[in-house]
Amino acid sequence: MIRTLDENDLDAFIRIRRDSLNQDPRLFGASPNAPIPREETRMQLKAHSKENFILGYFERRELVGMLGFVRHKNEKKRHKGYVWGVFVYDVHRGKGIGSKLLQECIDRVVALLKLRQFII
C-alpha cells in the first residue's frame, strides 16, 4: 500500500531515513552521521501538500520504501519539481516497489499546474 506519510509516521520515517543514509551513503546528499531533528521532521511531515510530500510503501503495516517530492517555491522555478530520498530496503527490492512509488509520484505531480520539469 502506498500513502503520504504524515506526523503519525515520524518514528518509521526517521528509521527508514537513517537506514537509507547508513546503507547507501553514496546515493544521498545527507551524511549518515547527520542528526535528524525530531520536531522539525514532525512539522515537515505534518505540513505535507500536493507540492511537497513523502510517499511511503507499506507491507503489513511496515514502512519498507519511501520517495520524497518537492516543488520549487521560487516563482521563477515553480515549473520544476524534484524527487529525493528514494529508498527500498534490500529484502524488498526486486518487487517493483520503487517503480510503484515513482509512478504514484508522477500521477500526483501531473495534476500540478505549470509543472514542466520533473527531475529524478
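Here is what the cut-offs are and how they apply
Residues numbered from 1 in each chain as written. Predicted model: local features only at pLDDT ≥ 70, side-chain atom pairs only at ≥ 80, totals over all residues. Heavy atoms only, no water. Helix = DSSP H or I, 4+ residues; strand = E, 2+ residues; numbered from the N terminus. Rg over C-alpha atoms; globule rule 2.2 N^0.38 Å. Buried < 20%, exposed > 50% of the residue type's maximum accessible area, 1.4 Å probe, protein only. Polar contact = N/O pair within 3.5 Å; in protein donor to acceptor, adjacent residues only side chain to side chain. Contact = heavy atoms within 4.5 Å.

### Some details on the overall build of the chain
Counting its secondary structure elements, the chain contains three helices and five strands. Written out in order from the N terminus, the α and β elements of the chain read β-α-α-β-β-β-α-β. Whereas a compact globule of 120 residues would reach a radius of gyration of roughly 14 Å, the chain reaches 14 Å, a difference of no more than 12%. Dimensions along the principal axes, computed over C-alpha positions, put the chain at roughly 40 × 30 × 30 Å. Taken over 120 residues, the chain has a buried fraction of 37%.

### Re the side chain of T41
Tracing the chain through its elements places T41 in helix α2 (residues 38-46). In this structure the side chain of T41 is engaged in a polar contact, spanning 2.7 Å, whose partner is the backbone oxygen of P37. Leaving out residues up to four positions away in the same chain, T41 has contacts with L10, F13, I14 and I36.

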